[in-house]
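Single-letter residue listing:
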Amino acid sequence: MSRSVLTRSTRLRLAAVAAVGVTALALSACQTGDASPEGDGAASAYVTDGKFTIGTGEPAYFPYVIDDAPETGEGFEAAVAYAVAEELGFAADDVVWVRSTFEAAIAPGVKDFDVNLQQFTISPERAQNVDFTSPYYSTPQAVVTIEGSSLADASSIADLSDALLGAQTGTTSLTTIETIIEPATAPLVFNTNDDAVLALQNGQVDGIVVDLPTAFYMSGVQIDGGILVGQLPADAGISDEWGFVLTKDSELTEEVSAAVDALREDGTLDAIAEEWLGADAGAPVLG
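Basis of the calculations
- Residues numbered from 1 in each chain as written.
- Predicted model: local features only at pLDDT ≥ 70, side-chain atom pairs only at ≥ 80, totals over all residues.
- Heavy atoms only, no water.
- Salt bridge = Lys/Arg side-chain N within 4 Å of Asp/Glu carboxyl O.
- Helix = DSSP H or I, 4+ residues; strand = E, 2+ residues; numbered from the N terminus.
- Buried < 20%, exposed > 50% of the residue type's maximum accessible area, 1.4 Å probe, protein only.
- Pairing = 2+ DSSP bridges.
- Axes fitted to C-alpha atoms, helices over the stretch in contact; angles between N-to-C directions.
- Contact = heavy atoms within 4.5 Å.
- Patch = residues over 30% accessible without salt bridge, like charges linked within 9 Å, V, L, I, M, F, W, Y side chains within 5 Å.
- Areas by Shrake-Rupley, 256 points an atom, 1.4 Å probe, with all protein chains shown as cover.
- Lys, Arg positive; Asp, Glu negative; His and termini not counted.
- Charge placed at Lys NZ, Arg CZ, Asp CG, Glu CD.

1. Comments concerning the pattern of salt bridges
Then step 1. This structure, assessed with the given rule, holds 3 salt bridges.
Then step 2. As a salt-bridge pair, Asp68 and Arg99 come within 2.7 Å of each other at their nearest N and O atoms. You can see Asp68 sitting in the loop between β1 (52-56) and α2 (76-88) and its partner Arg99 sitting in strand β2 (residues 95-99), a full 31 residues away along the chain.
Then step 3. Under the relative-accessibility criterion, Arg99 is labelled partly exposed at 26%.

In structure tokens, the structure reads:
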């Protein structure tokens, strides 16, 4: 069977066509992994191209989400989430909410959300399994008491000086009592916060010190007749820091962190915290 022979000019034309094809493939490869929310046809690092998918708890509690409806933007974390979305260039209509347990969100593995926020304290142990953004909130310490207590009307740290306070052993809260509040009587130390709550209800202590999120829960849900006396100033004591959770080594971590940083620098995060976690939310600052 005879073999066809390509002329030199034909070979050159085919080589030119092949070179153009290789160049096009190379340019296409350079565009993959684009994390832009614009949805311009390039591969996206977002779960859904053109959408910002945010995870939260089920249910999500006051004051972080109001009426378990994060899509309204009402509540501290709901408001933070929409502010970050806007900073990233997403319209509110392009925000998608999904639900997850706390434990599932910080477990290793691929996620069905771009970011998740459920008051996750940033820690080295958790960072082995997931990514964290820079912090969007630093949690102050707070004082909880019960109706009829001598601390019910306290409005300053000085008003706590004669109180018998309690806290869980080994916590920032106990350190805060000992080094910031410095009451005349040494605090009672408990193995768990539940033990401290029981002591408060039984009249064994005048008040207990916990982080602000726990104080909201205790006073609003756990303790019948509970009162959130107030929060300590942000620069008093040691604070835990909360960050958005992302899949480990996510391509989005850097840019979401940059959005959080921008909102912190321009005062937006402070304004949101004051609106939803400040005096109007029942947590006045104890001066």
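2. Looking at the sheet that holds strand β9 (residues 207-211)
Then step 1. Taken together, 5 strands build an open sheet; the order of strands is β8-β7-β9-β6-β10 and the sheet is mixed. The sheet terminates laterally at β8 (188-190) and β10 (226-231), the two strands that pair on one side only. Adjacent strand axes in the sheet meet at a mean angle of 30°, parallel and antiparallel pairs treated alike.
Then step 2. Here 4 bridges tie strand β6 (residues 141-146) to β9, and the two strands are oriented antiparallel to one another. Bridge assignment links Val144 to a residue of β9, and that residue is Ile208.
Then step 3. Docked against the sheet, helix α6 (residues 212-222) engages β6, β9 and β10, running at close to 130° with respect to β9.

3. Observations concerning a negative patch on the surface
Then step 1. A contiguous patch of negative charge, built from Asp67, Glu74, Glu274, Glu275 and Asp280, is present on the exposed surface.
Then step 2. Mapped onto the elements of the fold, Asp67 is located in the loop between β1 and α2.
Then step 3. Classification of Asp67 as exposed rests on a relative accessible area of 72%.

4. A word on unusual backbone geometry
Then step 1. Pro59 follows Glu58 through a cis peptide bond whose omega is 0°.
Then step 2. Within the fold, Pro59 resides in the loop between β1 and α2.
Then step 3. The peptide bond linking Phe62 to Pro63 adopts the cis configuration, its omega dihedral lying at 0°.
Then step 4. Positive phi is not limited to glycine here, since Asp67 has a value of about 55°.

So far we have only geometry, and geometry alone does not tell us how the molecule works.
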